[in-house]
Amino acid sequence: MTKKLTFHGIVQGIGFRPAAQRIAKDLGLKGQVKNSGGNVSLIISGKEQALDEFVRRLIAIFEIKNYEEENIDNIQFNDFEIVHSTNDNHTPFLTPDLATCSDCERELKDEYNRRFRHPFISCVNCGPRYTIMNTLPYDRENITMSHFEMCDNCKKEYTSVPDRRCHAQTIACNACGPQTSMSIEKAIDILRNGKVLAIKDIGGYHLACDVYNTDAVNKIRELKGRDSKPFAVMFSSIEQISKYCRINDKEKELLLSPARPIVLLEKIKDFNKCVCGESDYIGAFLPCNPIQIMILEKISPLVMTSANISGEPIIIDDNEISKFSIDVLSHNREILTPLDDSVVCCVAGRNQFIRRARGYVPLSMEIDKKAKADTLCLGGDLKAVFGFHRDNYVFLSQYFGDLDNKDVFDSYKANIARFAKLHGFKQDITVCDAHPNYYSSNIFKNDINIQHHKAHAASVIAEHRLKGDVLCFAFDGTGYGDDAAVWGSEVFLFRNSKMDRTEHLEYTKMLASDEVSKDARLALDCYLGGNQLVDSALKNNINTVLSSSMGRLFDAVCALLDIKYYNTYEGECACALESAAKKADKAYYIKPSLNPIDILNQIKNAKSKASAEELALGFHMMICDLIIEIAEKYKKLYDIAQIALGGGVFNNRIITASTISALEQKGFSVYINEKVPCGDGGIALGQAYLAGLEE
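Just so it is clear, the model here is predicted, and its values are computed rather than measured. (Residues numbered from 1 in each chain as written. Predicted model: local features only at pLDDT ≥ 70, side-chain atom pairs only at ≥ 80, totals over all residues. Heavy atoms only, no water.)

### Concerning the layout of surface pockets
Empty space among the atoms becomes apparent when a probe as large as a water molecule is rolled across them. Approximately 920 Å³ is the volume attributed to the second largest pocket. Taken together, 36 residues line the second largest pocket, and the ones lying closest to its centre are Glu63, Ala259, Gly359, Tyr360 and Leu363. At the level of secondary structure, the elements contributing two or more residues to the lining of the second largest pocket comprise helix H3 (102–108), helix H8 (249–256), strand S14 (350–355) and strand S15 (364–366). A per-element tally of the lining of the second largest pocket places H8 first, with 4 residues. Here the residues of the lining of the second largest pocket are counted per class, giving 18 nonpolar, 8 polar and 10 charged. (1 Å grid on protein atoms, 1.4 Å probe; cavity = no way out; pocket = protein on both sides within 12 Å on 5 of 7 lines; lining within 4 Å. Points joined across faces, edges and corners; volume = space filled by probe spheres on them. Helix = DSSP H or I, 4+ residues; strand = E, 2+ residues; numbered from the N terminus. Nonpolar A, V, L, I, M, F, W, Y, C, P; charged D, E, K, R; others polar.)

### Some details on the pairing of strand S22 (residues 486–495)
Burial runs high along S22: 8 of the 10 residues are buried. Pairing analysis gives 8 bridges linking strand S21 (residues 470–480) to S22, with the strands arranged antiparallel. Considered in S22, the bridge of Ala474 is made with Glu490. Here S21 folds back onto S22, and the loop between the two strands holds 5 residues, one of which, Ala484, carries a positive phi near 70°. Relative to strand S23 (residues 498–503), S22 runs antiparallel, the two sharing 5 bridges. By the bridge assignment, Val491 is partnered in S23 with Glu503. In this structure, the hairpin formed by S22 and S23 is closed by a connection of 2 residues, where Asn496 is found at a positive phi of approximately 50°. (Buried < 20%, exposed > 50% of the residue type's maximum accessible area, 1.4 Å probe, protein only. Pairing = 2+ DSSP bridges.)

### Comments concerning the side chain of Arg358
When you line up the elements, Arg358 lands in the loop between S14 and S15. Other than its neighbours up to four places away in sequence, Arg358 contacts Asp97, Ala259, Arg260, Phe285, Cys288, Leu339, Asp340, Asp341 and Ser342. (Contact = heavy atoms within 4.5 Å.)

### Some remarks on the pattern of salt bridges
Tallied over the entire structure, the rule returns 43 salt bridges. Here Glu366 and Arg465 are joined by a salt bridge, their closest N and O atoms 3.9 Å apart. A residue pair is termed long-range when its members are at least 10 positions apart, and Glu366 in strand S15 and Arg465 in the loop between helix H12 (452–464) and S21 qualify at 99 residues. Given a relative accessible area of 35%, Glu366 falls into the partly exposed group. The partner of Asp410 in a salt bridge is Lys406, and the shortest N-O contact between them spans 2.7 Å. Here Asp410 and its partner Lys406 are both found in helix H11 (residues 406–423), 4 residues apart, which amounts to about one turn of the helix. Each member of the salt-bridge network shares a partner with another, and the members are Asp26, Glu53, Arg56 and Arg57. (Salt bridge = Lys/Arg side-chain N within 4 Å of Asp/Glu carboxyl O.)

### Here's the deal with the sheet that holds strand S10 (residues 281–285)
Note: strands within a sheet are paired through backbone hydrogen bonds, in either parallel or antiparallel orientation. Spatially, the 9 strands line up as an open sheet ordered S12-S6-S7-S11-S8-S10-S9-S13-S14, and their pairing is mixed. At either margin of the open sheet sits one strand with a lone partner, and together these are strand S12 (327–329) and S14. Strand-to-strand twist of the sheet, defined as the mean angle between neighbouring strand axes without regard to direction, takes the value 35°. Bridge analysis of strand S6 (residues 197–200) against S12 gives 3 bridges, and the strand direction is parallel. Residue pairing in the sheet places Ile199 in a bridge with Leu329 of S12. (Axes fitted to C-alpha atoms, helices over the stretch in contact; angles between N-to-C directions.)

Right under this line is the structure:
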């Protein structure tokens, strides 16, 4: 019997063809396998029982979305071979970059292995993928490793079926692979001598320094123009991380995963304030490539942050890095796609993305709404992420940053074209945020506009493939509302495929200035008055807007409690307020209200009765109580049992964990974003879902 099999899913760049070859030989099957576009095609002959077992084994090993099987006329084969790739028009499921596997790390450290201290050691199970891919199919000639001709030893491994590097497209060794611009030993000496070093990694350059050298840490702050936002710290091992942070099993699993994200962990021991600032957390991560492994083995921990001026794109260009005028450890393997480090945390036993990038992009998500045609979803201008929707799959890009920076905007646009080309997307329909002045809303002629907070809510529904009625809470700093007001505390009832706004904080007239989102005292003045200039502007409607922003309420409470007055980076005051709340032994009760002025006056009147920490915790619990009150109201009205929590406010661990716990105790099923950020990095997913509902 001869069959033609086509497998769709994560089947390229992870050793699918060599595995198929090994299984076929084990079962006595003959035939051929090849990459075909983004899929894998086989023609295979043998007994029916063996063919069925062949398919079962492959499905058990790899993330296969689906496969097609067709009986064809018998073909005689002498063996089972991997043959030259072809292309097709099927949707490809591309492989993200994978951290160095344990087998390669062991060889890297083995002085008797021929790849001892090879800075680019990899195999079918690990190494760069998406960042070095020119086009499909994923073969040597289509990635940046095509510039490096294999030596005889590597060629032998590449064609040897039992070998772990059989058809490993990134195969190389010290004799034939890419070269670094300086030795690893010299790089280590530079760091030991208290200097800053730029290191070219998988998705771009990092700036690194000894975490204990305050002069070097402050030098990085000066180079990046980054005043106080915490730096991520790279450690050599889980054991070393555990000396500084609490780690639960879920966090350990994330740290050791092939994605190697930065994981926000609770501090138990701190560095100098210049490293992590006033944060209660350390953004900890482990080495993800051989260069990092060899450096961290000798000097650790290190500050390791993306090499860019704050607000600008991560640097991948070898010439551009020279503008920092520091020592550079570079190499001659080209990076085609810039990818920052992913950032995640664990809340209420669930993974939560802060930033989705290296290790996860360009993995797709399956949703219950089928695209009517290839749909480009542009996301928003802050924490910009775009996505393409085809069939039932949404493919999200990496995080870019804020589009008001020209270089970020240019990178965002260039990567839309690159992403479309790699995947074969056509962009038949374009979806954007409803804000008329967003940069992302004005690139193309848009077919569909989706309100910002509706997209937040829909992203949770889409991710969890929820069916039936859902009560959605979308809390954040700002978003353009359907009535042209600034929204940010929205409650939606999702019924019969319609998203109806039912509740929100009462509107407050505020200054329509970006400074209001930075200056917490200015936000407070808009709520409670007392600033003559602000009062006059509001009274005379000079550059004002109506706002239901939850983010600005957090800022105002923070300023009212004299905790922090200014956001030098987004969410700084909210983080400070949460940190203060964590220090409280008890919460001062604040009556739930949708009137922000009433909330602030309650806190103001209680300042003589309770500490700032108790009032901060009381405010957090008031938000939790408010959500519960609203949820119970709609349960009585419509028998709602499903709750979706979305928007940047739900990065707050106290509110998210307390709300989930309380709602679940009352019988609700509660959902948050776990595969995309709850902030603006996830709204392209919600846009795709809602666009799929359009008639």
